[in-house]
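# Structural overview
If you want the building blocks of each chain, they are given just below.
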Amino acid sequence: MFPGEEWVTVISAFALLVVSAMLYSRARHVAAILWAISSLCFLIITIALATMGLDALQLSATPYLGSLYPGLLATGIIASRSEYWKHYLAFVVLMLILIAVGGELARIPRVLVHSISGLIIVFLPLILAARKQVSATVIVVSVGGLLISVGGLALATLMAGKPLLPFETVVFLLHPLLFLSAFVMAAGLYASKGLGCCE
């Protein structure tokens, strides 16, 4: 850890928002809108973490914003190549509703949306590249998805009171993982021209 690392994470979240906006300006594609909303949610989380520290995890909006980040990223990846994105968006919305009404069971939909979205972000770009539907640069998106999955699941389980990793380890890895996930995802979406939807 180093002084000010939380603000570097804010910068990477802003970079993801800028790349999403650039992709939208090129093609006006729904995938870029979903990525922009996702990155805006992430930017709000990183600003809260930078200003409030781990107390930001106790904010009532944090579970929703934290679930929208990977949920809408995954939805955007589906939308870039398929009309079935609306089905996955409905799943994300359903998980948010269950988080809201779930009480003690709220951690289940939270972990579900993080884990399933993480799998989509990691593996769908690789499948598209293997089928030669997108360029090989899309592998960078998969790397970003892997980082999002690790960081998101660690945070989701920490907030749910059932951490996958020791608390000290999550705190130590939090900002580096969040920074790398946003930075690598931004680079991957830019290099792959939004998975081919925004060329």
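Overview of the structure. (Residues numbered from 1 in each chain as written. Predicted model: local features only at pLDDT ≥ 70, side-chain atom pairs only at ≥ 80, totals over all residues. Heavy atoms only, no water.)

### Details of the overall build of the protein chain
Selection criterion: Strands here mean DSSP runs of E at least two residues long; helices mean DSSP runs of H or I at least four residues long; both are numbered from the N terminus. Only protein chains enter the accessibility calculation, which uses a 1.4 Å probe. A residue is then buried if its area is under 20% of the maximum for its type, exposed if over 50%, and partly exposed in between. Here a residue-residue contact requires only that any non-hydrogen atoms of the pair lie within 4.5 Å. With residues, only the protein chains shown are counted as cover, and all accessible areas are computed by Shrake-Rupley using a 1.4 Å probe. Residues counted as positive are Lys and Arg, residues counted as negative are Asp and Glu, and His and the chain ends are not counted. All charge positions are set by atom: Lys at NZ, Arg at CZ, Asp at CG, Glu at CD.
Counting its regular elements, the protein chain contains seven helices and zero strands. When the helices and strands of the protein chain are listed from N to C terminus, the series reads α-α-α-α-α-α-α. With the C-alpha coordinates of the protein chain rotated into their principal frame, the extents come out at 40 × 40 × 25 Å. Burial statistics for the protein chain: of 199 residues in total, 49% are counted as buried. Put simply, of all contacts in the protein chain between residues at least 6 apart along the chain, 74% involve residues at least 24 apart. In the form shown here, the protein chain has an accessible surface area of approximately 9,400 Å², with 73% of it arising from carbon and sulfur atoms. Charge-centre separation for the protein chain: the mean point of 10 positive side chains lies 16 Å from the mean point of 7 negative side chains.

### Some remarks on the nonpolar core
Which entries qualify depends on this criterion: To form a nonpolar core, buried Ala, Val, Leu, Ile, Met, Phe, Trp, Tyr and Cys residues must be joined to one another through side-chain atoms within 4.5 Å.
Among the nonpolar cores identified, the biggest contains 52 residues, and W35, M185 and L189 are the most heavily contacted of them. Secondary-structure elements contributing two or more residues to this core are α1 (5-27), α2 (30-52), α3 (62-81), α4 (85-101), α5 (107-130), α6 (139-159) and α7 (167-191). When residues in this core are grouped by element, the largest group, eleven residues, is from α2.

### A word on unusual backbone geometry
Even without glycine at this site, K132 takes up a positive phi of about 60°. Secondary-structure assignment places K132 in the loop between α5 and α6. Although it is not a glycine, L195 adopts a positive phi angle of roughly 60°. Of note, L195 is situated in the segment after α7. A residue is classified by how much of its surface remains accessible, and L195, at 0% relative accessible area, is buried.

### Here's the deal with the side chain of S142
Along the chain, the position of S142 falls in helix α6. The contact partners of S142, leaving out residues within four places of it in the chain, are I121, V122, P125 and L126.

### Things to note about a nonpolar patch on the surface
Cut-off, in case you're wondering: A patch is a set of surface residues, each over 30% in relative accessible area and not in a salt bridge, joined within 9 Å for like charges and within 5 Å for the nonpolar side chains Val, Leu, Ile, Met, Phe, Trp and Tyr. What makes a salt bridge here is a side-chain nitrogen of Lys or Arg within 4 Å of a carboxyl oxygen of Asp or Glu, nothing more.
A cluster of nonpolar side chains, L119, F123, L126, I127, I139 and V143, forms an exposed patch at the surface whose accessible area comes to about 520 Å². For the nonpolar patch, the element with the highest residue contribution is α5, accounting for four residues. Mapped onto the elements, V143 comes out in helix α6.

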